[in-house]
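Observations on the model geometry
So you can see what is in the structure, the chains are spelled out below.
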Amino acid sequence: MISSLVPTVREATFDVWRTCGLTTMFANPGSTEIELLADLPGDLRFVLGLHESTVVGMAIGWALGRGEPALAILHTTPGLGNAVSAIATARVNRAPVVIVVGQQDRRHLATEPFLAGRLLGLAGDYPVWVDQPVRPQDVPGAIMRACHEAVTASGPAIVIVPMDDWSAEATEPGERAAPLAVARSHGADPDVVSQLVALLERSSRPVLVAGAGAGEPGSWTALIALAEHLGCPVWQEPFSGRAGFPGDHAQFAGHLSADRTRVRAALAQHDLILAVGAPVFRQYPYVAGPFVEPGTTVAMVSRDPEEVHRSTADLAVLADPAAICTALVAALEPREGVELPAPSRPEHLDPPKGDAPLRAAHVFDALAERLPADAVVIEESPSSRPDLLARMPARAPLGALSPAMGQLGFALPAATGLSLGCPARAVVAVMGDGASLYSVQGLWTAAHYGAGPLIVVLANGGYAIMDRLVEQQGGAGPWPGFGIDIAGLARSFGCPARSLATHVELIEALDDAVPRLGATSEPLLLEIAIEPEPTFAS
Ligand SMILES: Cc1ncc(C[n+]2csc(CCOP(=O)(O)OP(=O)(O)O)c2C)c(N)n1
Ligand SMILES: [Mg+2]
């Protein structure tokens, strides 16, 4: 950064253009683009077109001729409207063009002032990507992402920018939702692999982060091989939809937390982070600041273009994780004697004393001791999720699944579908009592069609996570607790069910049910009374 002053969104955008090689802009401007274009720095070249279809047409020619993305600037509805036929041409001629469209001032857009544009759908579905950044600070990252989107999909990508955004203060480049560089690989292209090899060879303390995208059997095996070759710790990405690495492996460090402060702390001792099958990074509560400590290099590999394009990484690789991991093992010297973290596995919880109630951890420990290594555990127990993940490590591909969209009511039908699809596999859904009520009628289907999952319902009498979250805000929620006879409901749908409250009952029920999993064509629901967790941290 040249000056000590906080750069504006406009200055940060100019830096993005320089990084992306977008220093020539084709434009036909209007009043909504004055803030952007007044007193352009000398290294940015402005080329005026006298109608917007010629603006985009020139950008197409530039992009196709140079084999690089081009930049076009258009003026709200009149400009974008006039350019639509050329935008369609860019799509069909496969020209990567980044189009910045000016918009009226955010502060009175709601009142539809003169030149306020309904821009989002104006070019139809010809653009490969369209974005209206949620806040001014997201504009530079959105334009960088548009460049990646345009190149990956070979077409026009649009970012709509209200005129007052340009003068807003920018955030640090390390907080942009776009990687500095994207490499695209069919299989494991040597020039792409060599970029990752160079980063790993330069790194003295690398760390791997496994994501849901490494959960398929091929990636699972290839990532284990890479981790063992590098001798480095492996974390599971925050709030993952699926395990990408065995939780019982000696190099498994744990599940990353879902806020930036704790992600930074967990990865602080490493100079290189390589996320495999995961974006950088999935979060839950918003916390300001960068994802990593200054000086840390971040790379990621994913087959999902959206994950690649929005990751806050130095290098993002669009490729098959299995192919890349295998190629890295072949290209790198094995590392010996790297210090591994002591994984923070919770102590086994002793049975409750006297009349003390069961806790979720008792259920998790008892299940983990009994389930076969290839069991599928579908987690949907919001307030005890971190404990479940820590106590019930995935040991095989598909060993741990979660509703990645936050949709309660997924685990029960997913367990039914899994049991029907893979009848020889032990399938367990662990659900909150609240969660179970979103899909309890699914038990009828499981019973009727002979699916054999075990449905464990943690009955704590309400929405414990909501209670903990509202307490953290210093308030109280208006939602009541509830005591619903879920085992009774299950029986009414034709599903065998039991209600349990003691450790003895728990052990006896699991000793009976678990050995039959994968061999039974009858579902079973266990409603287990537990006390609500006293605290919650995602
Ligand atoms: C379909 C749907 N509606 C609402 C929510 C919001 N929500 C998240 S957690 C929660 C309460 C969960 O209660 P429960 O399953 O009993 O788990 P506990 O917090 O008690 O562990 C709710 C309502 C959601 N995630 N999905
Ligand atoms: Mg509950």
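In the block above lies the structure referred to throughout.
The paragraphs below set out a description of the structure included in this document. Along each chain, numbering runs from 1 in the same order as the chain's sequence is written. Whichever chain is written first becomes A and whichever ligand is written first becomes 1, with later ones labelled in order. For this predicted model, a pLDDT threshold of at least 70 governs which residues receive local features, and a threshold of 80 or more governs which side-chain atom pairs are given and counted, while totals over whole chains, interfaces and linings are taken from all residues. Only hydrogens and water are removed before side-chain values are computed, so all heavy atoms of the structure are retained for them.

**With respect to the environment of Pro29**
Mapped onto the elements, Pro29 comes out in the loop between β1 (24–27) and α2 (34–37). Taking C-alpha positions, Pro29 is 9.2 Å from Gly49, a pair spaced 20 residues apart along the chain. Each helix corresponds to a stretch of at least 4 residues labelled H or I by DSSP, and each strand to a stretch of at least 2 residues labelled E; elements are numbered beginning at the N terminus.

**Observations regarding the sheet that holds strand β12 (residues 297–302)**
Spatial ordering of the open sheet is given by β7-β13-β12-β11-β8-β9-β10, a layout of seven strands whose pairing is parallel. Where the open sheet ends on each side, the last strands, each with one partner, are β7 (181–184) and β10 (252–255). Going from strand to strand, the sheet's axes swing by 20° on average, the running direction of each strand aside. Examined bridge by bridge, strand β11 (residues 272–276) and β12 share five bridges and lie parallel to one another. Counterpart to Leu274 in the pairing with β12 is Ala299. Whether two strands pair depends on DSSP finding at least two bridges between them. Every angle, taken between N-to-C directions, lies between 0 and 180 degrees, and every axis is a line fitted to C-alpha atoms, over only the stretch in contact when it is a helix.

**Notes on the coordination of the magnesium ion (ligand 2)**
Each pair of donors in an ideal octahedron of six around a metal sits at 90 or 180 degrees, and each pair in an ideal tetrahedron of four sits at 109.5 degrees. The rule for donors is simple: an N, O or S atom within 2.8 Å of the metal counts, and for Na, K and Ca the reach is 3.2 Å. Water is not among the atoms, so a site may look short of donors. The coordination sphere of the magnesium ion (ligand 2), as far as protein atoms go, consists of Asp433 (OD), Asn460 (OD1) and Gly462 (O), spread over 2.1 Å. Counting residues between consecutive donors of the magnesium ion (ligand 2) along the chain gives the motif D-x26-N-x1-G. Partly exposed describes any residue whose relative accessible area lies between the buried limit of under 20% and the exposed limit of over 50%, with all areas from a 1.4 Å probe on protein chains only and scaled to the type maximum. Under the relative-accessibility criterion, Gly462 is labelled buried at 9%.

**Considering the pattern of salt bridges**
Basic side-chain nitrogens of Lys or Arg form a salt bridge, by our definition, when they fall within 4 Å of a carboxyl oxygen of Asp or Glu. Applying the stated criterion to the full structure yields 22 salt bridges. We note a salt bridge from Arg260 to Glu175, for which the minimum N-O separation is 3.7 Å. Of this pair, Arg260 sits in helix α8 (residues 260–267) while Glu175 is found in the loop between β6 (156–162) and β7, placing the two residues 85 residues apart along the sequence. Across the salt bridge formed by Arg370 and Glu369, the nearest N and O atoms sit 3.4 Å from each other. Here the salt bridges share partners, and the residues they tie into one network are Asp15, Arg18 and Asp43.

**Points about the site of ligand 1**
In the vicinity of ligand 1 there are 14 residues, among which Ser383, Gly406, Asp433, Gly434 and Ala435 approach most closely. Ala435 places a polar main-chain atom, nitrogen or oxygen, 2.7 Å from an oxygen atom of ligand 1. Counted as a polar contact is a pair of N or O atoms within 3.5 Å, where, for protein atoms, one must be capable of donating a hydrogen and the other of accepting one, and residues adjacent in sequence contribute only when both atoms are in side chains. One nitrogen or oxygen atom from the main chain of Ala464 is found 3.0 Å from an oxygen atom belonging to ligand 1. Elements represented by at least two residues in the shell around ligand 1 include exactly α14 (433–436) and α16 (464–472). A per-element tally of the shell around ligand 1 places α14 first, with three residues. Note on terminology: near, applied to a residue and a molecule or strand, indicates that one of the residue's heavy atoms is within 4 Å of it.

**What about the nonpolar core?**
Buried together is how nonpolar side chains tend to be arranged in soluble globular proteins. Residues enter a nonpolar core if they are buried and are Ala, Val, Leu, Ile, Met, Phe, Trp, Tyr or Cys, with the set joined through side-chain atoms within 4.5 Å. In this structure, Leu196, Leu208, Leu223, Leu274, Val317 and Leu328 are the most contacted members of the largest nonpolar core, which totals 38 residues. Counting only elements with at least two residues in this core, the list comes to α6 (190–202), β8 (206–210), α7 (217–230), β11, β12, β13 (315–318) and α10 (321–331). Looking at this core, the element that brings in the most residues is α7, giving seven residues. Core analysis: the second largest hydrophobic core is formed by 31 residues, Ala27, Leu71, Val100 and Ala168 among them.

**As for the sheet that holds strand β2 (residues 45–48)**
The six strands are arranged β2-β1-β3-β4-β6-β5 in an open sheet whose pairing can be described as parallel. The open sheet has two edge strands, β2 and β5 (129–131), and neither has a second partner. On average, each strand axis in the sheet is tilted by 20° relative to the strand beside it, whichever way the strands run. In terms of strand pairing, β1 meets β2 through four bridges, oriented parallel. Bridged to Ala27 within β2 is Leu48. Note on contacts: a residue pair qualifies if any of its non-hydrogen atoms lie within 4.5 Å across the two residues. On top of the sheet, helix α5 (residues 139–153) reaches β4 (97–103), β5 and β6; it is set at about 170° to β6, its chief contact.

**Remarks on the side chain of Ser185**
Structurally, Ser185 is set in the loop between β7 and α6. Within polar-contact distance, the side chain of Ser185 engages the backbone oxygen of Gly187 at 2.9 Å. Setting aside anything within four residues of it in sequence, one finds Ser185 in contact with Val192, Leu318, Ala319 and Ile324.

**Overview of the packing of α6 against α10**
In the contact formed by α6 and α10, the axes pass within 10 Å of each other and the chain directions differ by 55°. When the interaxial angle is binned, α6 and α10 end up oblique. Every pair of crossing elements has a handedness; the one defined by α6 and α10 is right-handed. Residues Val193, Leu196, Val197 and Leu200 of α6 touch α10, and the partners they reach there are Ile324, Ala327, Leu328 and Ala331. Amino acid classes used here: Ala, Val, Leu, Ile, Met, Phe, Trp, Tyr, Cys and Pro are nonpolar; Asp, Glu, Lys and Arg are charged; the rest, including Gly, are polar. Its residues placed into classes, the contact of α6 with α10 shows eight nonpolar, no polar and no charged. Roughly parallel means an angle under 35 degrees; roughly antiparallel means over 145; roughly perpendicular covers 65 to 115; every other angle is labelled oblique. Handedness of a helix crossing follows the sense of rotation of the near helix relative to the far helix, less than a right angle counterclockwise being left-handed and clockwise being right-handed.

**Comments concerning unusual backbone geometry**
Here Val280 and Phe281 are connected by a cis peptide whose omega angle stands at -20°. When you line up the elements, Phe281 lands in the loop between β11 and β12. Although it is not a glycine, Arg94 adopts a positive phi angle of roughly 60°. Looking at the element boundaries, Arg94 is found in the loop between α4 (76–92) and β4. On the basis of relative accessibility, which here comes to 52%, the residue Arg94 falls in the exposed class. Residues other than glycine seldom take positive phi values, yet Glu112 does so here, at roughly 50°. Looking at the element boundaries, Glu112 is found in the loop between β4 and β5.

**Here's the deal with the packing of aromatic side chains**
Paired rings are identified among Phe, Tyr and Trp, the last through its six-membered ring, by centres lying within 6.5 Å, and are further divided according to the angle between planes into stacked (under 30 degrees), edge-to-face (over 60) and tilted (the rest). By the definition in use, this model includes seven aromatic pairs. Plain terms: the ring middles of Phe26 and Trp62 are 5.8 Å apart, the flat faces sit at 65° to each other, and that makes the pair edge-to-face. Residue Phe26 is located in strand β1, and its partner Trp62 is located in helix α3 (residues 52–66); the two are separated by 36 residues in the primary sequence. Aromatic side chains Phe245 and Phe252 sit 6.4 Å apart centroid to centroid with 20° between the ring planes, which places their arrangement in the stacked category. You'll find Phe245 and Phe252 in the same group, each marked buried. The ring of Phe291 is capped by Arg260, whose NZ or CZ atom sits 4.6 Å from the centre of that ring. Either the NZ atom of lysine or the CZ atom of arginine qualifies as a charge over a ring when it sits within 6 Å of the ring centre and within 35 degrees of the ring normal. Over the ring of Phe239 we find Arg385, and its NZ or CZ is 4.2 Å from the ring centre.

**Quick notes on the pairing of β4**
The buried fraction of β4 amounts to seven of the seven residues, a majority that puts the element mostly inside the structure. Because side chains alternate across β4, one face comprises the buried residues Val97, Ile99, Val101 and Gln103, and the other comprises Val98, Val100 and Gly102, equally buried. Following the chain from strand β3 (residues 70–75) across α4 to the adjacent parallel β4, one finds a crossover that is right-handed. Where β4 lies against β6, seven bridges are found, and the strand directions are parallel. Looking at β6, one finds that Val98 is bridged to Ala157. Here a crossover is taken to be right-handed if, once the strands point away from the viewer, the path from the first strand over the helix to the second is traced clockwise.

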